[in-house]
Amino acid sequence: MRRTRIDIINDMLLAIVNKGGAIKPTHLLYKSNLSHTLMKEYVAELTAKKLIEEQPLKRGKNFTITEKGRKFSREYKKMKEFQEAFGL
Amino acid sequence: MANFILSPAWFLGIDAGFEVVTMAVAALIALTSYKFYKISNMKKYFYFGVAFAMLATAFATRVLTNLIIYYNFIEQNSFGIAQAVHQAVGPASNFFSTGLLGYRLLTLTALLGIYLVLSRKAKTSKSVKGLLMYFVLIASVFSTQVTLVFHLTAAAFLFFISMMTLRTYFRNKSKKTKQTLAAFTLLMFSQLIFIPAIYIPIAYVVAQVVQLAGFITMLFTFRKVKNAKN
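Residues numbered from 1 in each chain as written. Chains lettered and ligands numbered in written order. Predicted model: local features only at pLDDT ≥ 70, side-chain atom pairs only at ≥ 80, totals over all residues. Heavy atoms only, no water.

Peer 1: What am I meant to see in the overall build of chain B here?
Peer 2: Within chain B, the regular secondary structure consists of seven helices and zero strands. Listing every helix and strand of chain B by position from the N terminus yields α-α-α-α-α-α-α. Within the span of chain B, comprising 230 residues, buried residues form 48% of the whole. Pairs at least 24 apart in sequence give 73% of the contacts found in chain B among residues at least 6 apart. Only carbon and sulfur atoms are counted for the fraction: they give 70% of the accessible area of chain B, which is about 11,300 Å². (Helix = DSSP H or I, 4+ residues; strand = E, 2+ residues; numbered from the N terminus. Buried < 20%, exposed > 50% of the residue type's maximum accessible area, 1.4 Å probe, protein only. Contact = heavy atoms within 4.5 Å. Areas by Shrake-Rupley, 256 points an atom, 1.4 Å probe, with all protein chains shown as cover.)

Peer 1: Would you mind going over the packing of aromatic side chains with me for this structure?
Peer 2: Any aromatic ring pair is given by two values, namely how distant the centres are and how the planes are angled relative to each other. Within this structure, the stated rule accounts for 22 aromatic pairs over all chains. Each ring, one from B:Phe11 and one from B:Phe18, has its centre 5.6 Å from the other, and the planes form 90°; the classification is edge-to-face. Of the two residues, B:Phe11 and B:Phe18, neither departs from the other in class, the shared state being buried. On the numbers, 5.1 Å between centres and 50° between planes, the contact of B:Tyr37 with B:Phe46 is tilted. We classify B:Phe46 as partly exposed; its relative accessible area is 29%. Among the aromatic residues, those joined into a ring-pair cluster are A:Phe82, A:Phe86, B:Phe36, B:Tyr45, B:Phe48 and B:Phe52. The ring of B:Tyr103 is capped by B:Arg62, whose NZ or CZ atom sits 4.8 Å from the centre of that ring. (Phe/Tyr/Trp six-rings, centres within 6.5 Å; stacked < 30°, edge-to-face > 60°. Lys NZ or Arg CZ within 6 Å of the ring centre and 35° of its normal.)

Peer 1: Teacher, can you tell me more about the interface of chain A and chain B here?
Peer 2: How big an interface is tends to be expressed through the accessible area that disappears when the partners come together. Chain A puts 17 residues into the contact, and the matching count from chain B is 27 residues. Carbon and sulfur atoms supply 68% of the area buried between chain A and chain B, which totals about 2,200 Å² over both sides. Sorting the residues of chain A by area buried against chain B places A:Phe82, A:Phe86 and A:Leu88 first, and these three jointly supply 35% of that buried surface. For B:Lys176, the salt bridge is made with A:Glu81, and the minimal N-O distance between the two is 2.6 Å. Here chain A is connected to chain B by seven residue pairs in polar contact (both at pLDDT 80 or more). (Buried area = accessible area lost by both parts, 1.4 Å probe. Salt bridge = Lys/Arg side-chain N within 4 Å of Asp/Glu carboxyl O. Polar contact = N/O pair within 3.5 Å; in protein donor to acceptor, adjacent residues only side chain to side chain.)

Peer 1: What am I meant to see in the pattern of salt bridges here?
Peer 2: A side chain with one charge can pair with a side chain of the opposite charge if their charged atoms come near. Residues and elements named next belong to chain A. Across all of its chains, the model carries twelve salt bridges over all chains by this definition. For the salt bridge of Glu67 with Arg74, the shortest nitrogen-to-oxygen distance reads 3.6 Å. Judged by its relative accessible area of 39%, Arg74 falls in the partly exposed class. Note that Glu75 is salt-bridged to Lys78, the shortest N-O span being 4.0 Å. Within this pair, Glu75 and its partner Lys78 are both found in helix H4 (residues 67-86), separated by three residues, close to a single helical turn. Comparing Glu75 with Lys78 shows no difference in burial state: the two are buried.

Peer 1: What is the right way to look at helix H3 (residues 36-48) of chain A in this model?
Peer 2: Residues lying three or four places apart along an α-helix face the same way, a consequence of the helix completing one turn every 3.6 residues. Residue and element names in this part refer to chain A. The end-to-end C-alpha separation of H3 is 18 Å, in line with the 18 Å expected for 13 residues at 1.5 Å each. Listed in full, the buried residues belonging to H3 are Met39, Tyr42, Val43, Glu45 and Leu46. The buried residues of H3 occupy one face: seen down the axis, they fall within an arc of 165°. Set apart from the buried face of H3 by more than 90 degrees, the exposed residues are Thr37, Lys40 and Ala48. On its buried face, H3 is in contact with helix H1 (5-18), helix H2 (25-32), strand E2 (52-56) and strand E3 (61-65). One or two steps after H3, the chain reaches Lys50, where phi turns positive at roughly 60°. (Expected span 1.5 Å × (residues − 1). Arc of directions from axis to C-beta.)

Peer 1: Honestly, helix H5 (residues 147-172) of chain B in this entry has me stumped. Any pointers?
Peer 2: Across its 26 residues, H5(B) extends 37 Å between first and last C-alpha, which sits within 8% of the 38 Å expected from 1.5 Å per residue. Downstream of H5(B) by a residue or two, B:Lys173 has a phi angle that is positive, lying close to 50°.

Peer 1: How should the packing of H2(A) against H3(A) be read in this particular structure?
Peer 2: Residue and element names in this part refer to chain A. Orientation of H2 relative to H3, taken along the N-to-C sense of each, is 105°, at an axis distance of 10 Å. It follows that H2 is roughly perpendicular to H3 by the angle criterion. Contact with H2, carried on its side by Pro25, Leu28, Leu29 and Ser32, involves His36, Met39 and Val43 of H3 and no other residues of that element. Grouping the amino acids of the contact of H2 with H3 by side-chain chemistry returns five nonpolar, two polar and no charged. (Axes fitted to C-alpha atoms, helices over the stretch in contact; angles between N-to-C directions. Parallel < 35°, antiparallel > 145°, perpendicular 65-115°, else oblique. Nonpolar A, V, L, I, M, F, W, Y, C, P; charged D, E, K, R; others polar.)

Next up, the structure:
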């Protein structure tokens, strides 16, 4: 089934959560199952919305999930439950 | 003239209490659906929320008009029930008719909205939606004279909504969907039980109880959704 924009955003956030709250860009690319260009677009959106933060490392960088991102993920779960309950 | 007060005297006001609960449940679902629309920007949540907001407004209208009529009824009760009903309805007739029309129009429009969203026909052409809205309007206007029209139309909408929820249940086998199905089915039966209420006042009480049970069931489903954890 085709993923919606919000499904993709949640998949990216979950990928970060499952990695303990921080993930390397290459892992995120692999886990989110997106092209490099699309992932960059999504990362820019998530960063702008303060759902994730970029954390510079000695070599490269990490993406960390923010509290707002965790809250978004919880709300997404509720939204899916709502969708399932009412057959939306 | 239509008989406005269908409730037995002892049930006056209790039914308004029931409807306040149903109004609150509908409003909760409307607000939650709107919140999900703000998160996802998906139109289906918006339309679903609007439909439930209309349902909540419909019940608010009904509670308000009923309470005013009941207040007049109780004030003039010393004349005996038949005379009191006549006298209560007489001066407030226009107000009550307008309230009743508003309630019925909002309810049927809300049910049409829920049907269109669930059947994924929200993108149906404007002419078809216009035609459906026309029938809803006709059913609402005529139902002020013949109550049967409103309850049958509402039951028909709820039947199709239940059928779609049943299809969803067969697909996902979810307990929450099963509860929603039970809720819509109870609401459908409540509309059918309202029909004989003109002749049998106790049917009105039973219908109100079944309707409340439907909304309480929906509230339980809603609570499960709210308590969902990652």
